[in-house]
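A closer look at the structure
As a plain string of letters, each chain reads:
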Amino acid sequence: MPIKNVLLEIGTEEIPSRFIPDSLAAMKAKAESLFALNRIDFKDIKTYATPRRLVLIITGVNDSQNEQVEKFKGPPVSNAYDENGEPTKAAIGFAKSRGVDVNNLSEEEINGVKYVFAEIKQESKNTIDVLPEIMKSLIESLAFPKSMYWDKSGVKFARPIRWIAALADDKVIPFSYGGVVSGRLTSGHRFMGRKAIEIANASEFLDKLYDNNVILDQEKRLQKMRASIADLQKDLPGNLEVEMDEKILEENLYLVEYPVPFAGSFDERYLDIPEEVLTTSMKKNQKYLAVRNKDKKGRLANYFVGVSNNRVPDMNVIREGNERVLRARLEDAAFFWHEDRKIPLASYVERLKSVTYQEKLGSIYDKVMLTKKLALWLCGKYGFDDIAGFVDRAAYLSKADLVTSMVFEFPELQGVMGREYARSSGEDPRVALAIHEQYLPQTASDKVPTDDVGAVLGIAERLHIITACHKVGLEPTGSQDPYALRRAARCINEILFARKYSFDITEAIKESCSINEVNEEICSKILEFMKQRLQVQLRERGYDYELVALAVEVAGNVPYQALKLILALNEVMSSEWFTGLVSSAVRVKNILQKNSGEIKAGEPDESLMNVKAEKDLFAEVSRLETPVKYALEVYDWTELTHLLSELSPVVAAFFESVMVMDKDERVRANRLALLAKCNKLFQETGDLSALSHK
């Protein structure tokens, strides 16, 4: 009879909430792998977690392993038996190596040759006898960003293991791990449940926990949390709305076993502090949800919503305690805000000289000056002379906030505080905005700079970081990228795409290498790095490998134009003329490769052309050379595809009417020269023949 429910609960001290989502996924994947390895079928696997427990429940489990017969090929029959039919040493040795009787070897023919085979039947054990080792292996397999020891057993886990409940329906799955013996005892909510609860059958596990104020199913726990917050929102004064930050909701989800949301408030005078300071303090330190005023265009209100793990008779006690903690943090923030503004933001720049950026790369001040030089070069090179003054000032002030008290306390506010302190110091609004926007985008889905000043500064800084790190051997290796150079390259491209900048990254890298005194070998390495990152980024947008490779080959120096070329080719990819042109490009390339020894340098001789189709092709290719070259130079991809569409039927007509490999050696050589001229035009627009693999 199948086992209805297999339960494993690892009871622990409170596990950090950020560890849990990945642990649940790993736990499920490992369970699936172990059950498959042990030939045990099951219906479904579910994983659950609270801060005090990781739980696995498997339903519809076979009560025994599946039978398995493995066949192993041995020597040919001719070598396995002598003329009298007796086993030879070869057969005896093979049988012994596989643990079978030589008389039980079978025979099977493969490709006309008979071989002996050993068949080994894997023993089918009862599932209940296999489960102990599976469960122990499962726990051993779990890894965490940080683990700890807690006794002399030498076992590591995210937090100390305090109990293990392991049941197959009503039977205990016996094993021990880290000095803890499995059993049928679990524990309820730390404050609102019984300390020891006996589980008679795995099927009652969830209900027993719920009766002891543990909502084990995280989806149901989240639903309850959201519903309770919605109820709280109705009681807030005015037209206020709780900001349902998904990241904060998930953190709270794995900080509680029974969510009890509550609302609190703080003094309105703190609203004079920049909003990001308040929300960072609330979210980072306290895991609170912010509240916004819909009547004031979504401005922050002096309320917050927290989630308690304890339902007490008087929730005002919880609220007041949290308000006191938040008040202390906001008072610190208010002090920093006041003190930092006693001097202008520019006064902090000199302090950057005493802050090391990287031991081989000098101070942050050095980094700022080199970035400023590159940013001003970008302005001059790409027509941003009108904002060069803003870029100069923004670059100079770009890292000044790093040495303020506020950013020392809240590093994630770098840029934000620079913007606010710049405004307070009377800097131009575009300079202030750029100090913040230089850091955008921070993630793949983040917004990009809204103004050219911040965009140019952000590109310059990332180009400098990539160059400087490569200079001192800090480039990414495998999965290691300590200075986030891959992300820097991605951000550069995202800004170029979004702002539609036709920056030549090759030129910019070379200028950065010159500024940083980087040799040609390392400069070439950086250029290849940027090319690879662009290819990866474009493929991540869903474009085919061949199309991306072609676009990067043609316009990879200018990432935005490479993207535009892809878009233009995508528009015509399914057109009949384009598929015909790709086929023709393949034929041209193949013929030239097969007959490379007969291709002569120079222009084809028109006097040797005796077929109209080859004269037409010569005329068309000659006509298109200049406009195609110009379209490539000015990045007019629409015009380029138009020109290619005019060439397509002419090339097709050539192959329909002309025999390239003519018997006359001079005619044949001339036609090959014509195809070489045609192929040169194809190559200027990328290797179109590669698109035949699509």
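Anyway, here's the lowdown on the structure attached to this text. (Residues numbered from 1 in each chain as written. Predicted model: local features only at pLDDT ≥ 70, side-chain atom pairs only at ≥ 80, totals over all residues. Heavy atoms only, no water.)

On to the overall build of the protein chain. When helices and strands are tallied, the protein chain shows 24 helices and 18 strands. Over its C-alpha atoms the protein chain spans a radius of gyration of 35 Å, topping by over 25% the 26 Å that the globule rule assigns to 694 residues. The principal-axis extent of the C-alpha atoms belonging to the protein chain is close to 105 × 100 × 50 Å. Buried residues in the protein chain amount to 50% of all 694 residues. Accessible area for the protein chain stands at about 33700 Å²; split by element, carbon and sulfur atoms hold 47% of it. One finds the centroid of the 93 positive side-chain charges in the protein chain at a distance of 3 Å from the centroid of its 104 negative side-chain charges. (Helix = DSSP H or I, 4+ residues; strand = E, 2+ residues; numbered from the N terminus. Rg over C-alpha atoms; globule rule 2.2 N^0.38 Å. Buried < 20%, exposed > 50% of the residue type's maximum accessible area, 1.4 Å probe, protein only. Areas by Shrake-Rupley, 256 points an atom, 1.4 Å probe, with all protein chains shown as cover. Lys, Arg positive; Asp, Glu negative; His and termini not counted. Charge placed at Lys NZ, Arg CZ, Asp CG, Glu CD.)

Here the focus is the sheet that holds strand 3 (residues 53-61). One open sheet accounts for 5 strands, arranged 2-3-1-7-8; its pairing is antiparallel. Across the chains shown, the open sheet's two edge strands, defined by having one partner strand only, are strand 2 (44-50) and strand 8 (171-172). Against the sheet, helix 1 (residues 20-37) makes contact with strand 1 (3-12), strand 2 and strand 3, and its axis sits at roughly 150° relative to strand 2, the strand it touches most. (Pairing = 2+ DSSP bridges. Contact = heavy atoms within 4.5 Å. Axes fitted to C-alpha atoms, helices over the stretch in contact; angles between N-to-C directions.)

To continue, consider the side chain of Asp504. As for its placement among the helices and strands, Asp504 is situated in the loop between helix 16 (485-499) and helix 17 (505-515). We note that Asp504 is buried and unpaired, the nearest opposite charge coming from Lys381 at a distance of 7.5 Å. A distance of 3.1 Å separates the side chain of Asp504 from the backbone nitrogen of Glu507, its partner in a polar contact. Residues in contact with Asp504, not counting those within four places in the same chain, are Tyr382, Asn557 and Val558. (Salt bridge = Lys/Arg side-chain N within 4 Å of Asp/Glu carboxyl O. Polar contact = N/O pair within 3.5 Å; in protein donor to acceptor, adjacent residues only side chain to side chain.)

Quick look at the side chain of Glu614 now. With respect to the helices and strands, Glu614 occurs in helix 22 (residues 612-633). The buried category is assigned to Glu614, whose relative accessible area is 1%. For Glu614, the residues in contact, after removing those within four places along its chain, are Leu608, Met609, Phe654, Val658, Arg671 and Leu674.

So, about the pattern of salt bridges. The full count for this structure, using the stated rule, is 45 salt bridges. With a shortest N-O distance of 2.7 Å, Glu9 and Arg53 are connected by a salt bridge. A residue pair is termed long-range when its members are at least 10 positions apart, and Glu9 in strand 1 and Arg53 in strand 3 qualify at 44 residues. With respect to class, Glu9 is no different from Arg53; both count as buried. We note a salt bridge from Arg190 to Glu13, for which the minimum N-O separation is 3.4 Å.

Turning our attention to the packing of aromatic side chains. Any aromatic ring pair is given by two values, namely how distant the centres are and how the planes are angled relative to each other. By the definition in use, this model includes 15 aromatic pairs. Here the aromatic rings of Tyr382 and Phe503 are separated by 4.4 Å at their centres, their planes lie at 15°, and the arrangement is stacked. Here Phe503 lies in the loop between helix 16 and helix 17 and Tyr382 lies in the loop between helix 10 (364-381) and helix 11 (388-397), a separation of 121 residues in the sequence. Taken individually, Tyr382 and Phe503 each receive the classification buried, so the pair is uniform in this respect. Arranged with centres 4.9 Å apart and planes meeting at 10°, the rings of Tyr501 and Phe503 form a pair that is stacked. (Phe/Tyr/Trp six-rings, centres within 6.5 Å; stacked < 30°, edge-to-face > 60°.)

The interhelical angle for the contact between helix 10 and helix 15 (residues 452-471), taken along N-to-C directions, is 125°, at an axis separation of 8 Å. The angle between the axes of helix 10 and helix 15 places the two elements in the oblique class. As for the relative orientation of helix 10 and helix 15, their crossing is right-handed in sense. In this structure, helix 10 uses Lys367, Leu370, Thr371, Leu374, Ala375, Leu378 and Cys379 to contact helix 15, whose residues at the interface are Val456, Leu457, Ile459, Ala460, Glu461, Leu463, His464 and Ile465. Split into classes, the residues belonging to the contact of helix 10 with helix 15 amount to 11 nonpolar, 2 polar and 2 charged. (Parallel < 35°, antiparallel > 145°, perpendicular 65-115°, else oblique. Left-handed = near helix turned anticlockwise from the far one by under 90°. Nonpolar A, V, L, I, M, F, W, Y, C, P; charged D, E, K, R; others polar.)

So, on to the sheet that holds strand 14 (residues 260-265). Read across the open sheet, the 4 strands follow the order 13-15-16-14; overall the sheet is antiparallel. Here the strands that pair on one side only, and so sit at the sheet edges, are strand 13 (240-242) and strand 14. Put simply, the sheet's adjacent strands are angled 30° from each other on average, direction ignored. Of the pairings in the sheet, the one linking strand 14 to strand 16 (residues 299-308) comprises 6 bridges and is antiparallel in character. Within strand 16, the position partnered with Phe262 by the bridge is Gly306. Each of strand 15 (289-293) and strand 16 touches helix 8 (residues 275-286); the most contacted strand, strand 16, lies at about 5° to it.

In terms of burial, strand 2 is a largely internal element, 5 of the 7 residues being buried. Between strand 2 and strand 3, which pair antiparallel and follow one another directly, the connecting turn spans 2 residues.

With that settled, the discussion passes to unusual backbone geometry. Across the junction of Leu440 and Pro441, the peptide omega takes the value -5°, indicating a cis bond. Examined against the element boundaries, Pro441 turns out to sit in the loop between helix 14 (429-437) and helix 15. Its identity as a non-glycine residue notwithstanding, Asp169 has a phi of 55°, on the positive side. By secondary structure assignment, the location of Asp169 is in the loop between strand 7 (161-168) and strand 8. With relative accessibility at 15%, the residue Asp169 sits in the buried group.

Burial analysis of strand 1 places 9 of its 10 residues in the buried class, which makes it a mostly covered element. With 8 bridges connecting them, strand 1 and strand 3 associate as antiparallel partners. Opposite Ile3, over in strand 3, you have Val61 as the bridge partner. Here strand 1 runs beside strand 7; their pairing, made up of 7 bridges, is antiparallel. Along strand 7, the bridge assignment pairs Gly11 with Trp163.

Turning to helix 8, a few remarks are in order. Taking 1.5 Å of rise per residue, the 12 residues of helix 8 would be expected to cover 16 Å, and the 16 Å separating its terminal C-alpha atoms lies within 8% of that figure. Regarding helix 8, the residues found buried are Val277, Leu278, Thr279, Thr280, Ser281, Met282, Lys283 and Gln286. Against helix 7 (246-253), strand 15, strand 16, helix 9 (315-340), helix 12 (405-409) and helix 13 (416-424) lie the buried residues of helix 8. Downstream of helix 8 by a residue or two, Lys287 has a phi angle that is positive, lying close to 60°. (Expected span 1.5 Å × (residues − 1).)

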